Structures are given as C-alpha cells and as structure tokens.
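Each chain, letter by letter, is given below.
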Amino acid sequence: MRANLVVVVLVLLAGIAVSLLLIPRGSELALQRFRDQEFAPALAAYEARYAQGDRSAGTVMPLTRLYLAEGSVDRAIALMEDYVAHEPAQVEGRDLLGTLYKHAQRPFDYLDNLEAIAQLKPSDAAFRELADAYGYYGEFDRQAEALKRLVALRPDDAEASVDLGQLLAARGRLAEAAETLAAADDRRNGGIEYDGRVLLTSLLLDLDRADEAFRRAERWLTGDPPSYAILSLTGLMMEIGRPDHAYRLIARFAERASREPALELTLIDLEIAQGRVEAAQRQLRAWAEGKPIDDASLGRFIALSINAGQTRLAFDVARRRDLHLIPDWALVSLAETAYRGQDRAFLDRLIDELGDTFLAERPLLAGEIAWARGDSEAAARWAGLALADRDSTFAERLSATRLLTRTGHKERAVAEFDRLAPDSRVPDDLLEELGLLFLDLDRVKEGLAWFQARRAARPSNSADLGWVRLAARGGDADTVAAWLDTRPRLDPGLLQDVASLAAERGAAALALKAAERVYAQAPTPRSRLALANALLAAGRPKDALGHLRALVAEDRASELLALYVTALAGSGETEELARVVTARLGDPTVGEAEKDQLVQTLIDGRAYRAALPYVRARAETRGMEWVYAYADLAAKAGAVEELAGFLASALERPGLDPKARDAMTGLLVDTAGPAKALPALKRLADAAPAGAWESLYRETLTKLGRKDELRRHLLARAGDDRMPAQDRRGIAFTLLEMGERAAAEATFRALAAKQGIDGPDVRQLLFLWGPRPGGPALDWLETRARAATPAEQGAWYDKLAELGGAKRVAAALAARGSEGALRGPYIEALANAGKPAELGAAVRAALPGERDPEKLRRWARLAEREKQTGAAGEAWRAVMALRPDDAEALRQVGMTAYGEARFADAERALGRLLARSDGDYEANYFMGEALVAQKRPKEAEPYQRRALAQVQAMPNRSDAVRQTEANLLHRLGRIDESVALFDALLRARPNDRQLRADYAAMLIENRRLKEARHVLGD
C-alpha cells in the first residue's frame, strides 16, 4: 500500500486543500507545523487534540493527511469512518472516505458510502456513478433503480434512457423497457440514437405491438436516412413475419433502391414475400439485362431469382460468374438444373471449382451428378451418406440403393434393400423404380412374388409397370406378351427394356414382339438394331437381313458387320458375305488394323475359302499367332493338305526361331491327331520342362478337354525348380484362372523369396492379397522386413504399414526408429497406428540427422495432424534451416511462435515470408499482432491494412474471418466499423462467450465503458 502512497496523496491533495478552510484556528502551533511540513511534531499535536476529544474537521482532516503521508491508509480510513459516523450529513467527508475506500480496494464499503452520498445529495453524476458501480458488481436490479432515478432527474438525457431500456430488456422486463425507450423517443420527437431505435423496435415486435413499431419506424425513416437504418428496420419486420410492414417501409425508397444494390435486393425479397412475384421477376430480368451485378450482390441475386421461380435466369447469370460468390443452397438448385438439362460442362465446372461439399444436404442429387460425371466411387459414397441418414424417406433410400447397384456395390445394395423391406404401403409412384431395383439385384423371383401380391391386392398401372420387366426376365413370357397386347401405348424405353430382358433369358417370341413395337413407335437405328437382334434370336435371319443391310449401308461398324455376317450365314448368303468383305479388303485406303478385322469377319461368317489367302499371307510374315489362325482356318476350309505344305515349307526356312520350329512341329503332330500324339508329347515335355514341347503338351491337353490331367500337370510343374522363373510365373497365372488360388500363391511366394520389394512376383503377391490382407500375409511381409538388408528394410516396413500392419511396424521399430532408413517408416507407422505421443517423440528424434526437406515437411504435417504441435514446430524449423525461404515453413514457424507468445521470433519468420510475397490474411494479421505486442503499432499498420484488404476481398467469409476483420478495423482506428461488425456477429452468435469477451475488450480499450458493460451484461 505504501508503494501507491504518492499517487493517493496527489489524488487527495485538492480535496484536502479545500478542507483546510474548515480547520479551526484554536491551535496555531500545530497548524503552523503542518503547513511547514514538519510532519512528526504536527502528527503528535493533532493526535493529542484528537485524543482529547476534538472530532472537528480542523483536527480530522489534517490528521488524515498526516496518516497518508506516512503510509497509514488503514488509520486514515478508520479516522474518516469515525468522523462520518459523527457527521453523517457531511458530504465532503463522505467524498474523501469514498476515495480512500477506492484506493484501499474495499469495493463494498465504497458502494455503501456512494449510496449514502446519492441519498444526501441527489445528482445526475451520483446516480450515473452508482449505476456504473452496480453494473460492475452485477447488481443489475439495483442498477436499474439507479438509472430510473437518473432518468427521473434528467429526462432529457436520452443516453440514460437507452441504457435503462437495454438493462431492463436484458433482465426480461420487456414491457417496462419498451415504455422507457418509447417515452425517451417521444420526448425527443423520434430522435433517439440508432441502437435505441433498433432495441425499441425489437421490443415492440416481441410485445406484439407491430403497428406501433411500424409507426415509429416511419417517423425515423423520414428524409434521407442511411441505408443501414432502412435495412435493419425492414429486417426486423421480416424476422417477425410482417413483410407487409417491411415492404411499406422500403417501398418509399424504390427510386433510391435502383442505385443501391442492397436496398434493391431487399425490395425484391419483400415483393416475393408479399406475393408480388411478377414485379420481382420484372426487376430481376431488368437488372440482369440492363446493369452489371457486382460481386457483393451476386449471391443474393441468384438466390432471389430462384425464389422468384426464375431458375433459368439464375442459371444463365451464374454460369458466367465466380461460383464461390453463390450460397450453397442456391448452388444446389443450379446443380439440379444442370443435371436435369444434362449440362455436363456446368456440372464439371461446379465440382472442379467448388468440390461437392455444397451438396451435403442433397446426397442423392450429389450421387446422381457424380454418376453422370463418370465418378462411380463418389456416387457410391453419396449413396452411402443418403442411406446413413436416419431421417431419409423410403423413396430416398430406394433411389440410393439403386445408385449403389449402378456403381457396382451390389453386396452392399442387397443389404440395404433387405433393410428397406418393402411392404404394401409402398406408394404407386415408386413401384416402377422398385421393380427396377429387384431386377438390378438379380432378385427376379422375389420381385415377381412381391408384385403379384401387390397387383392382386391393389391393381394399378404403376404396379403393372413395376412387374412387367421382372416378368419379362423371369416370369411367364406368354403372360407378358398378352399384357403388351392390351396396352397399345407404352413408353418406348419400357418396351426396349422388355425386349432386352426377354432376349437375355432366351424368350425370343416376347423379345421380338417388344422389339417390333419399339421400332413401330420409334423407328431409329437403335430400335432397328434391337429388332434385327430379336429376329436373329427368333431364328429369322432372312427377316433380320433387310434391317442389317440398311444399317450397314449407314454405318459399317464392326459390331454391325458381325451381326450382318451372322444374318448372312444364317440365311446361307455366304457369297454375298465374301463379296462384300473382299471388296472392302481390296480398297487401298483401308488400313491394316481394319483389314485384320475384315478377315476375322470372313472367318466369323464361315466364308473360310475367301478368308484363307489373307490369313496365309499374314501367317508368312507376322509370326506364330497367324500361323495358328491359318492352321485352324485351313482345317475348317478342308485345306489340310495346303496347311501341311505351308508348315513343311516354313520349317525349311534357314534361321527359323527354335520356339517357332517347335510350335510348327506341334501343328504337324496336331494334324495327325492330338490324341495319338499325346503320350509322345508328354515324354518330350518331361525331358525338357522348359522347352517348347511343354507348351505343346499343355495346348494338346486343352484341346482334348482333359482339364483334370492338365491341372495335375501344372501343379507338379509349379514346384519344379528346373523351370525358369518366367515359366513358373506363367503357370501360376494359369492356376489362378483355373481356381487354384492357394497353389498359385505358393508359387508366387517361392518365386518372391529372393526378390526385393519391387520384384515382379512380390508385386503379384501384393495384388492377390489386396489392400487389407490377412494375418499370414502380414506375417510374411514382417518376416521379409526383418530379414532384409538395412538398405531395403525401410521399403519393406513401409509396405507392411501401408497394408494394415502399422502396429506391427511400430512395435518392431520401437527400439530402432531413429536409424536412418527406418525413421520414415517408423514415423508413418506411428501415425497410421494412432500413437500421437510416440509420433511426436519419433519426429523429434529423427530431425537432427535428416537433410531431405520434403521428408521433414511430411513429418511436420503428420505431427500437426496428430496434434503434436511441439514436434511439428521443430520439424518446420528444420525445414526452414534447409530452405530458409520456404514459404510454408516460414508461415508455420511464425504462427507457432506467435501462439507461444514469442513475438520477436514470430516477427522474424513472418517478416521474411511477407518480404517475398503478400502472404495470406492470417500471416499479415499475426505479423501485425506480433509488432503490436512489442509496442510497435506504427510498424504493424501496413500489415494490418493488407490483412484487412485480403479479408474483404474474400467472397465468402466465415464468422471467424469476420471476427478477424472486426479486430483489424479496431487496430486501424476504424472503431465504428469494428463496433458495427462485432454487433452483427454478436446478434448471430449471442452465446459465444469468447466473441463477447473480445468485443468488450475492444470497447474497454477505446474507453467505451458503457457499451462494454452492455455487452458483458447481455
């Protein structure tokens, strides 16, 4: 307390000087000593007088001063308390006692004394101070009474009335608060300040006195009021569901609104709310056609256009603008419009620029869009989200399950469908889709039973449409045909489905009936092709031929030629086939690839003689593939002698490849009959398992259909060490095709035993095991990792962690994680195993010896992800040591230093970053804050201005960013703007304590104590 003595003495000096006038002149000596600052003798003299019973001001005041001079504040207080007890009406004495209480930090004594002063000498200053004190100590009811007395004493003090109204409103005394503010407003003829107006309007609306609120708002909005006043008052009216009042308020400013986008948008909004949709539509069209739409107005313009039923206008405007400026719900509407209109380009732009999170509330639409864009995995993910929503409807779950089937997730779709458990309550409009889902899931029999029951219980056209496809696929074909006959008008798409499904099951008559109906209703190339297929399936190739001739005349695609050939072959039109294809082969403009295809067409059409010379020419120049083809064709054409001559001639060529020689020898044997040649081929293959006879023996077994013998042979060869690795690998693949997975895997393991992590057989094993192999596979990988050389161990452990063995890696490397090549795998494993503390320690241990900045960057990000901020900071500093100008490292080091209150370090790192680029708003903001914390506000201003400009340039600002903007406005001295932004944030988040504290701190720093108390009081 002595340390504050000088301050206390200076504060009290003026008051005590006045009090000296009251000192009696009875003791000239004591007074003279007091004036001459002979404090010790004066103290003794005054204490003696006091002890003799002199309680007058002439004794008490000097003695109080002397006690203060020696630092005896408690004695001074006791002295003044005794004096006030004897002189309770002495205001000057109470003033001095109050000052002593304040400096002695005795708040409640100070408050009691202040109440007594206000009672003895009522004044606006006394009641104002009393109200402030009550507010400080949370005595809100007593604060209200003090403000009431202040308003009664000074009715012209509108600020006091507003403070009282705000306090009463905060205490839930709404009617009383409204009357207080209304009276103040009336006294000033509508002249209370903006905050009071907004509060009074809100109170009147809460009290169902909307008409009175409207009358007052009309009075306030006379002349040329500021835009924010018009918007806030109309906004309040809209919030309580009185768009009629809001519209009447703003309609008077219609001409002005044409120049101010915010007013015009609000006017349009209210026109829509009032049902004046056509007027709103005219304004929106005129605006879009006649004047530019600024970025700040774009999002709301798009939203209002959609609300006014002008989605196409919104779509046309949006497709030329920055999509980030548009609110998410409006983007959803635009996406749906693009999806319905099959505008793939706009959908691609939406997702490429914004991602797909804005569709989170419409997962089904998101899934359909993903499917339309060819992204089946995203479509399945969205379908899963729709199904995970417990509030989703049956229709939504049905559509989501169908989407799963289309994306190939059939097992999951089956499980979801079983949970759907459709019953008799399924509405008619979902029956066709339900039938399609039964079909997609291959549950035709179950679906037929369900629909038969439904049709019997509640016959309807919708039930028939759900049933007919299932019946075409697995029911009575005659019943379906009869049903088609009773319905002359059906959708071509439905008929096409019936035709295709019937064809799949081999119901040729039904397929043909449906295909004929489709072609009759919609004679397109597609429906003609379907009809031709149906005619072929029905055994009427001649009827199909006319359609196929017409199609081939327009399009000579290979699939059409194949059908054409089938029809020609079925019709016995081999000569036409040979003539058409041979003519095409003679065209010099036809390339080799197409010629090969045409030759195959001849073969497929059984025009073997016509194809034979072309195949022989290729066999002479292109290798064994065509030799085999020629041999097969020669056999079909009855030209075995010609084939034998060709093979004999080929075997006499000098320099013939040994493998080709063996193969051709095998063909010769083959011509003699494979069954008879088989024993000899086996002996040759056993003698030289790596030679050509081995292949010939297998091929012969295959041709003869001896699958069991071939399987036994291959199983024996798979473990034969005489076989080259490449051949054993081929055997393993063949075993896989034959379903012998275990034997194939064993073969690959044997081959991979001496290979590194990138070995071909190791890669094949990993492919077989899949992304999450079982325990034996992980055991094998761990064994290989432990046995590997130090240089290779890292790669093996990396792969083990990647395939789900992170915990194994963490355990294996717990004592060796600091070794050079193992540091990375150990850190990655700890991250995947969910061991944050160990991860942080491992990162710290790995930093000193690491010179690769990208590895350090990776470790820093892993540490950040696992909330190991200390380790992350050290890693970023290590990156910066290697790359002093690395922007990401400078930013992270600077931000971390600021968070740890190392402001000089933060300044150095962020300063280097911002010397090379403009950075982002956070870097500039915290650079400014670091300078402010070091008492250098002037140096901070350029960074604060840049941060503010970057924030305000952002099209969509979150509440956190807007709070940063409010702080920046405060730092730059734009206090009113900061207050307005804090007000808006607080209205949106009234329960955010941190926001309220930041706002109050800003107000206190700018000595706006009343507003700060109001913020804290709310």
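Residues numbered from 1 in each chain as written. Predicted model: local features only at pLDDT ≥ 70, side-chain atom pairs only at ≥ 80, totals over all residues. Heavy atoms only, no water.

Here we come to the overall build of the protein chain. Scanning the protein chain from terminus to terminus reveals 61 helices and zero strands. Here the protein chain holds 1018 residues, and 47% of them are scored as buried. Sequence-distant contacts in the protein chain: of pairs separated by 6 or more residues, those separated by 24 or more amount to 50%. Summed over all atoms, the accessible surface of the protein chain reaches about 49,800 Å², with 51% contributed by carbon and sulfur. (Helix = DSSP H or I, 4+ residues; strand = E, 2+ residues; numbered from the N terminus. Buried < 20%, exposed > 50% of the residue type's maximum accessible area, 1.4 Å probe, protein only. Contact = heavy atoms within 4.5 Å. Areas by Shrake-Rupley, 256 points an atom, 1.4 Å probe, with all protein chains shown as cover.)

Here we come to the nonpolar core. Leu484, Leu510 and Leu548 are the most contacted members of the largest nonpolar core, which has 103 residues in total. Non-local contacts of leucine 548, meaning those with residues more than four positions away in its chain, are made with Leu529, Ala532, Leu536, Leu563, Tyr564 and Ala567. Counting residues in each nonpolar core, the second largest holds 71 residues, with Met80, Tyr134, Leu233 and Leu236 among its members. (Core = buried A, V, L, I, M, F, W, Y, C linked by side-chain atoms within 4.5 Å.)

Applying the stated rule across the entire model yields ten aromatic pairs. Relative to phenylalanine 301, the ring of tryptophan 287 lies with its centre 5.5 Å away and its plane at 80°, an arrangement referred to as edge-to-face. One end of the pair, tryptophan 287, is in helix 18 (residues 277–290); the other, phenylalanine 301, is in helix 19 (residues 295–307), with 14 residues separating them in the sequence. Of the two residues, tryptophan 287 and phenylalanine 301, neither departs from the other in class, the shared state being buried. Ring centres 6.3 Å apart and planes at 75° place the aromatic pair phenylalanine 438 and phenylalanine 451 in the edge-to-face group. One end of the pair, phenylalanine 438, is in helix 27 (residues 431–440); the other, phenylalanine 451, is in helix 28 (residues 444–457), with 13 residues separating them in the sequence. Overall, the relative accessible area of 1% leaves phenylalanine 438 in the buried class. With a relative accessible area of 0%, phenylalanine 451 lands in the buried category. By the ring-pair criterion, three or more aromatic residues cluster together here, those being Phe417, Phe438, Trp450 and Phe451. (Phe/Tyr/Trp six-rings, centres within 6.5 Å; stacked < 30°, edge-to-face > 60°.)

So, about the confidence of the model for the protein chain. Within the protein chain, residue pLDDT values average 77, and 86% of them lie at 70 or more. Long-range and interchain partners of residues 1–36, a stretch whose pLDDT sits below 50, account for 50 contacts in this model, where long-range means more than four residues apart. (pLDDT = per-residue confidence, 0-100.)

Glancing now at the side chain of glutamine 950. By secondary structure assignment, the location of glutamine 950 is in helix 57 (residues 937–952). Residues contacting glutamine 950, with those up to four places away along its chain left out, are Asp918, Gly919, Asp920, Tyr921 and Asn924.

Moving on, we come to helix 4 (residues 57–69). Taking 1.5 Å per residue, 13 residues should reach 18 Å; helix 4 reaches 18 Å between its end C-alpha atoms and fits that length. Along helix 4, the positions that sit buried rather than exposed are Ala57, Gly58, Thr59, Val60, Met61, Pro62, Leu63, Thr64, Leu66, Tyr67 and Leu68. Following helix 4 by one or two positions, glycine 71 adopts a phi angle in the positive range, close to 85°. (Expected span 1.5 Å × (residues − 1).)

A few words on the environment of serine 424. Tracing the backbone through its elements, the reader meets serine 424 in the loop between helix 26 (410–420) and helix 27. Between the alpha carbons of serine 424 and arginine 454 there is a distance of 6.8 Å; along the sequence they are 30 residues apart. Non-local contacts of serine 424, meaning those with residues more than four positions away in its chain, are made with Arg454 and Arg458.

Now for the pattern of salt bridges. Counted under the stated rule, the structure contains 56 salt bridges. Between lysine 513 and aspartate 485 there is a salt bridge whose closest N-O contact spans 3.1 Å. With a gap of 28 residues between them, lysine 513 in helix 32 (residues 508–521) and aspartate 485 in helix 30 (residues 477–485) connect regions that are remote in the sequence. Given a relative accessible area of 52%, aspartate 485 falls into the exposed group. Between glutamate 592 and arginine 618 there is a salt bridge, with its nearest N and O atoms 3.9 Å apart. Remark: arginine 618 occurs in helix 38 (residues 608–622) and glutamate 592 occurs in helix 37 (residues 592–604); sequence separation between them is 26 residues. Glutamate 592 gets classed as partly exposed once you look at its relative accessible area, which sits at 43%. (Salt bridge = Lys/Arg side-chain N within 4 Å of Asp/Glu carboxyl O.)

Moving on to helix 6 (residues 91–103). Its 13 residues place the ends of helix 6 19 Å apart at the C-alpha level, agreeing with the 18 Å of an ideal helix rising 1.5 Å per residue. Turning to helix 6, its buried residues number three or more, namely Val91, Gly93, Arg94, Leu96, Leu97, Gly98, Leu100 and Tyr101. Phi turns positive, to about 60°, at glutamine 105, one or two residues after helix 6.

This part takes up a negative patch on the surface. On the surface, Glu361, Asp389, Asp391 and Glu396 cluster together into a negatively charged patch. Here glutamate 361 shows up in the loop between helix 22 (344–354) and helix 23 (363–372). With a relative accessible area of 73%, glutamate 361 lands in the exposed category. (Patch = residues over 30% accessible without salt bridge, like charges linked within 9 Å, V, L, I, M, F, W, Y side chains within 5 Å. Lys, Arg positive; Asp, Glu negative; His and termini not counted. Charge placed at Lys NZ, Arg CZ, Asp CG, Glu CD.)

Among the structural elements, alanine 860 can be located in helix 52 (residues 853–865). Alanine 860 sits 17 residues away from valine 843 along the chain, and the two C-alpha atoms are 7.9 Å apart. Excluding its chain neighbours within four sequence positions, the residues that come into contact with alanine 860 are Ala872, Ala875 and Trp876.

Moving on, we get to the packing of helix 54 (residues 887–899) against helix 56 (residues 921–933). When two helices pack together, their arrangement is given by the angle between the helix axes and the distance between those axes. The interhelical angle for the contact between helix 54 and helix 56, taken along N-to-C directions, is 40°, at an axis separation of 10 Å. With respect to their mutual orientation, helix 54 and helix 56 come out oblique. Of the two elements, helix 54 crosses helix 56, and the hand of that crossing is left-handed. Here Arg891, Met895 and Tyr898 of helix 54 come into contact with helix 56, specifically with Glu922, Phe926, Glu929 and Ala930. Considered class by class, the residues forming the contact of helix 54 with helix 56 number four nonpolar, no polar and three charged. (Axes fitted to C-alpha atoms, helices over the stretch in contact; angles between N-to-C directions. Parallel < 35°, antiparallel > 145°, perpendicular 65-115°, else oblique. Left-handed = near helix turned anticlockwise from the far one by under 90°. Nonpolar A, V, L, I, M, F, W, Y, C, P; charged D, E, K, R; others polar.)

Looking at the secondary structure, you find serine 399 in helix 25 (residues 394–406). The class for serine 399 is buried, based on a relative accessible area of 16%. In this structure, serine 399 is in contact with Leu364 and Glu433, ignoring residues within four places of it in sequence.

Not every positive phi belongs to a glycine, and alanine 901 is a case in point at roughly 65°. Relative to the helices and strands, alanine 901 resides in the loop between helix 54 and helix 55 (903–916). The residue lysine 935 is not glycine, and still its phi comes out positive at about 65°. Mapped onto the elements of the fold, lysine 935 is located in the loop between helix 56 and helix 57.

Turning our eyes to something else, we now look at the environment of arginine 711. Position of arginine 711 relative to the elements: it lies in helix 44 (residues 707–718). For arginine 711, a relative accessible area of 22% puts it in the partly exposed group. The residues contacting arginine 711, other than those within four sequence positions of it, are Met738 and Glu740.

Attention now goes to the packing of helix 29 (residues 461–474) against helix 31 (residues 492–505). Between helix 29 and helix 31, the shortest axis-to-axis distance is 7 Å and the interhelical angle comes to 25°. Compared by their axis directions, helix 29 and helix 31 come out roughly parallel. You can see that helix 29 and helix 31 cross each other, and the crossing is right-handed. Every residue of helix 31 that contacts helix 29 at Leu465, Val468, Arg469, Ala471, Ala472, Arg473 and Gly474 is listed here: Leu494, Asp497, Val498, Leu501, Ala502, Glu504 and Arg505.

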